[in-house]
Amino acid sequence: MTIVGHLINGEIREDAGRLQDVFNPATGEASKQVALATKATVEEAIAAAEAAYPAWRNTPVGKRAAVMFRFKALLEQHADTICRMIGEEHGKIGHDAAGELQRGIENVEYACGIAELLKGEHSRNTGPGIDSWSEFQPLGVVAGITPFNFPAMVPLWMYPMAIACGNTFVLKPSERDPSSTMFIAQLLKEAGLPDGVMNVVNGDKEAVDVLLTDQRVKAVSFVGSTPIAEYIYSTANANGKRCQALGGAKNHAIVMPDADMDNAVNQLLGAAFGSSGERCMALSVAVAVGDQAADTLVAKLKEAMKPLKVGAYTDSSNDFGPVITRAHQEKVVGYINSAEADGASVVVDGRDPQVAGYEDGFFVGATLIDNVTTDMVSYQEEIFGPVLQVVRADSMEAAMKMINDHEYGNGTCIFTRDGEAARYFSDHIEVGMVGINVPLPVPVSYHSFGGWKRSLFGDLHAYGPDSVRFYTKRKTITQRWPSSGVREGVSFSFPS
Ligand code: NAD
């Protein structure tokens, strides 16, 4: 069976260590194995990154950008291969994988402009004959740890900007779907990146813990579930590292009585069930304001869900694919069971979907649950599956309070025709990314991505302008060239 190894100093390597099966979630079969890095392997990757750092740091910024331009072209050239690999291991349908890759490529495009982004700040004559400027220097070796749900895009949120800023990188991708991530990282060599600047170690907690504690790693970017994000953030901080750790979500959409209901229904379908709901920006809760709006919404959703197709990635007429593992399939079904046991009504039941020819796949069909209340476990926790829950609220204030009281604050959306209501909502909602009639308000690559509350630990958001700040440290230089005319005597106080 093929073994997915590690990329260290430009070479693909395998460990003598542990192996883990990688499944095709549509068939339920193990298609490959992934090597789980030992401490020694991760330390080798860090050493390779450290050795490559001095030369890469001093490589002119235009030459670093040139690597990114070539990398972007290679990603476009190999898009079909990458999307197939995503489908085989994640289960995403081709059109969805292509969207993921495109969003990743846009982050490479942003990194192509690194010369402009790193220009720094300059002030002339801050004192007599004194000039002062701030420059943004790279940190050294930085690490990224990424989740299964976007094996191409989320790593591309991180290393193109980190590398363009002059750092060297060690990536620890998800062990559940590692192939596309590895394939993409190898393209960097073809794009002209020197060996050792980009390294990939596959693995689990054992590998992650080395990255969190090794003193040579200066910063860690993490994306994944909230309990792990919190662990990563506190451990990295305790070890003196800069850290940004993006966590889980429970994204609500408020549906106002004046909303264009047909439009809201279409938008909700894609945002709730696209990618099997395995998106940190998936809309998993619709809060309908008023019973009349709720009844209309549920009736229209039920009707619109009839033609939805769940199936294998190989058939592009499918709307979404399986979930990632058998255990996750059981977890999602468990949440539907618990909502029902707690008194909610399962209006469309996806617990036992029939997918001809793929009887052993990890499928869950699109599920709609009405009359969910905030005390239910299925409301409080992230389900991360194709399940849309409807909660009823008496007023917009009550709907907003639910969102503001929830522990997560990643994304949200309001469907309305009322500009005043929309403005009030965006001003007062305690969430990092807000849509007005836009269900998935994922910021474009030249803004930054991040939630509030327990959806993000750290100060700076991912990619975009915040990533320049995250992957560099500011140095402020104050300069004077004394001449016989300006030479001064000793002074024991600040000049006044
Ligand atoms: P996960 O937290 O299980 O894994 C993420 C990474 O952490 C993986 O590389 C994994 O190997 C590693 N990891 C897992 N357990 C660990 C441990 N005990 N110690 C150290 N490292 C560990 O997340 P996942 O299931 O791969 O991804 C889904 C989650 O990611 C969801 O909660 C989703 O909301 C979240 N997510 C968030 C964003 C965001 O931007 N906020 C984006 C994508 C996904």
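Quick caveat: nothing in here was measured; it's all calculated off a predicted structure. (Residues numbered from 1 in each chain as written. Predicted model: local features only at pLDDT ≥ 70, side-chain atom pairs only at ≥ 80, totals over all residues.)

Details of the packing of helix 2 (residues 61-77) against helix 7 (residues 179-190)
- Two numbers describe how helix 2 lies on helix 7: the axes approach to 9 Å, and their chain directions differ by 135°. Considering their axes alone, helix 2 and helix 7 lie oblique with respect to each other. The chirality of how helix 2 crosses helix 7 is right-handed. Contact residues: Phe-71, Leu-74 and Leu-75 in helix 2; Ile-184, Leu-187, Leu-188 and Glu-190 in helix 7.
- Class assignment for the residues of the contact of helix 2 with helix 7 results in 6 nonpolar, no polar and 1 charged. (Axes fitted to C-alpha atoms, helices over the stretch in contact; angles between N-to-C directions. Helix = DSSP H or I, 4+ residues; strand = E, 2+ residues; numbered from the N terminus. Parallel < 35°, antiparallel > 145°, perpendicular 65-115°, else oblique. Left-handed = near helix turned anticlockwise from the far one by under 90°. Contact = placed C-beta atoms within 7 Å. Nonpolar A, V, L, I, M, F, W, Y, C, P; charged D, E, K, R; others polar.)

Quick word on the site of the ligand
- Neighbouring residues of the ligand: 28 residues in total, closest Pro-147, Gly-224, Ser-225, Gly-248 and Cys-280.
- Residues belonging to the shell around the ligand are distributed by class as follows: 13 nonpolar, 10 polar and 5 charged.
- Residue contributions to the shell around the ligand reach at least three from each of two domains, namely domain 1 (3-247 + 455-477) and domain 2 (251-436). (Near = placed C-beta within 6 Å. Domains from an automatic or database assignment.)

Some thoughts on the pairing of strand 19 (residues 411-415)
- Of all 5 residues in strand 19, 5 are buried, a share of seventy percent or more.
- The alternating pattern of strand 19 places Gly-411, Cys-413 and Phe-415 on one face and Thr-412 and Ile-414 on the opposite face, and all of these are buried.
- Sheet topology note: the strand 13 (residues 251-255)/strand 19 ladder contains 4 bridges and is parallel. Bridging from a neighbouring strand, Ala-253 pairs with Cys-413 of strand 19.
- Relative to strand 20 (residues 433-436), strand 19 runs parallel, the two sharing 4 bridges. By the bridge assignment, Ile-414 is partnered in strand 20 with Ile-436.
- Taken together, strand 19, helix 15 (residues 419-428) and strand 20 constitute a β-α-β crossover, and its handedness is right-handed. (Buried ≥ 20, exposed ≤ 12 C-beta atoms within 10 Å, placed from the backbone. Pairing = 2+ DSSP bridges. Right-handed = clockwise from strand over helix to strand, strands pointing away.)

Considerations on helix 7
- Look at helix 7: 17 Å from first C-alpha to last across 12 residues, which is about the 16 Å you get at 1.5 Å a residue.
- Looking at helix 7, one finds that the buried residues are Ser-179, Ser-180, Thr-181, Met-182, Ile-184 and Leu-188.
- Directly beyond the C-terminal end of helix 7, a positive phi value near 105° is found at Gly-192. (Expected span 1.5 Å × (residues − 1).)

Considering the packing of helix 10 (residues 261-273) against helix 11 (residues 291-305)
- Between helix 10 and helix 11, the shortest axis-to-axis distance is 10 Å and the interhelical angle comes to 55°. Between helix 10 and helix 11, the angle is such that the two are oblique. Pair helix 10 / helix 11 crosses with right-handed handedness. On helix 11, the residues that touch Met-261, Asp-262, Val-265, Leu-268 and Leu-269 of helix 10 are Thr-296, Leu-297, Lys-300, Leu-301, Ala-304 and Met-305.
- Taken together, the residues of the contact of helix 10 with helix 11 sort by class into 8 nonpolar, 1 polar and 2 charged.

What to know about the domain arrangement of the chain
- Parsing the chain into structural domains produces domain 1 (3-247 + 455-477) and domain 2 (251-436).
- The distance between the C-alpha centroids of domain 1 and domain 2 comes to 31 Å.
- Between domain 1 and domain 2, the residue contacts involve 18 residues of the former and 23 residues of the latter.
- The set of elements that each furnish at least two residues to the side of domain 1 that touches domain 2 consists of helix 3 (79-90) and helix 4 (94-112).
- Considering each element in turn, the side of domain 1 that touches domain 2 owes the most residues, 3 residues, to helix 4.

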